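Examination of the molecular architecture
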Amino acid sequence: MTHRPHPDPRSAYRHFRPIQTRWADNDAYGHVNNVVYYAWFDTAVNGYLIEAGALDIHAGATIGLVIETRCNYFASLAFPQQLEAGLRVAHMGRSSVRYEVGLFAHDAPEAAAAGHFIHVYVDRQTRRPVELPEALRAALQPLSVCA
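Residues numbered from 1 in each chain as written. Predicted model: local features only at pLDDT ≥ 70, side-chain atom pairs only at ≥ 80, totals over all residues. Heavy atoms only, no water.

1. Observations concerning unusual backbone geometry
P80 follows F79 through a cis peptide bond whose omega is 15°. Within the fold, P80 resides in the loop between β2 (62–73) and β3 (82–92). Within the chain, R127 stands out as a residue other than glycine whose phi angle is a positive 60°. Note on placement: R127 falls in the loop between β5 (113–123) and α2 (134–140). The class for R127 is partly exposed, based on a relative accessible area of 45%. (Helix = DSSP H or I, 4+ residues; strand = E, 2+ residues; numbered from the N terminus. Buried < 20%, exposed > 50% of the residue type's maximum accessible area, 1.4 Å probe, protein only.)

Here it is, written out as structure tokens:
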């Protein structure tokens, strides 16, 4: 028997970032297209990292490459809704991080969608895995729900 995913409440996440839907996010069925959710995941995590001083997308020696991603959908979202992305870190390894993101309609108590992606951090030039930089670990600590 498979486990059926369920939406988490806001209290399951450590940090929230606003997301404004755009007209172009809606598809022919009148709701946000599934590929947009993945862009929001990326935007929420990378925006947090840039603001925390843990990611320099232009000149940093270390970059994160996505090796796995998933999204579960619980409720429809559509333009012109304002959303919030809840962030948490479920696992921090030597060179990888599992980010979990919940997407909430403004003031909704449960996530409309929830997913994760795993970044493996690599040297920008060689693309070989490297240990998580200390600045990254420090920025991720407040998001951690690791046991």
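There's plenty left to go through after this.
2. Things to note about the side chain of R17
Here R17 lies in strand β1 (residues 15–20). The buried category is assigned to R17, whose relative accessible area is 15%. For R17, the side chain forms a polar contact with the side chain of E51, separated by 3.0 Å. Sequence-distant contacts of R17, defined by excluding residues within four places in its chain, comprise T43, A44, G47, Y48, E51, L83, E84, A85 and L87. (Polar contact = N/O pair within 3.5 Å; in protein donor to acceptor, adjacent residues only side chain to side chain. Contact = heavy atoms within 4.5 Å.)

3. Concerning the environment of N72
If you trace the backbone, N72 turns up in strand β2. Separated by 65 residues in the primary sequence, N72 and P7 have C-alpha atoms spaced 8.5 Å apart. Among residues more than four places away in sequence, those in contact with N72 are P5, A112, A113 and A114.

4. Quick look at the sheet that holds β1
Spatially, the 5 strands line up as an open sheet ordered β1-β3-β4-β5-β2, and their pairing is antiparallel. Strand pairing shows two members of the sheet lacking a second neighbour, β1 and β2, which therefore form its edges. Ignoring strand direction, the axes of neighbouring strands in this sheet form an average angle of 25°. One ladder, built from 9 bridges, connects β3 with strand β4 (residues 96–105); its direction is antiparallel. Note on β4: the bridge partner recorded for H91 is R98. (Pairing = 2+ DSSP bridges. Axes fitted to C-alpha atoms, helices over the stretch in contact; angles between N-to-C directions.)

5. What about the nonpolar core?
Counting 34 residues, the largest nonpolar core has W40, L49, L77, Y99, L103 and L140 as the members making the most contacts within it. Those elements that provide at least two residues to this core are α1 (34–51), β3, β4, β5 and α2. For this core, the element with the highest residue contribution is α1, accounting for 8 residues. Once you skip the residues sitting within four places of it in the chain, L49 turns out to touch A54, L55, Y99, Y121, L136 and L140. (Core = buried A, V, L, I, M, F, W, Y, C linked by side-chain atoms within 4.5 Å.)

6. Points about the pattern of salt bridges
Summed over the entire model, instances satisfying the criterion amount to 6 salt bridges. Of the charged contacts in the structure, one is a salt bridge between R22 and D25, with a shortest N-O distance of 2.7 Å. Since its relative accessible area comes to 1%, D25 is described here as buried. A salt bridge links R88 to E100, with the shortest nitrogen-to-oxygen separation between them at 2.7 Å. Residue R88 is located in strand β3, and its partner E100 is located in strand β4; the two are separated by 12 residues in the primary sequence. (Salt bridge = Lys/Arg side-chain N within 4 Å of Asp/Glu carboxyl O.)

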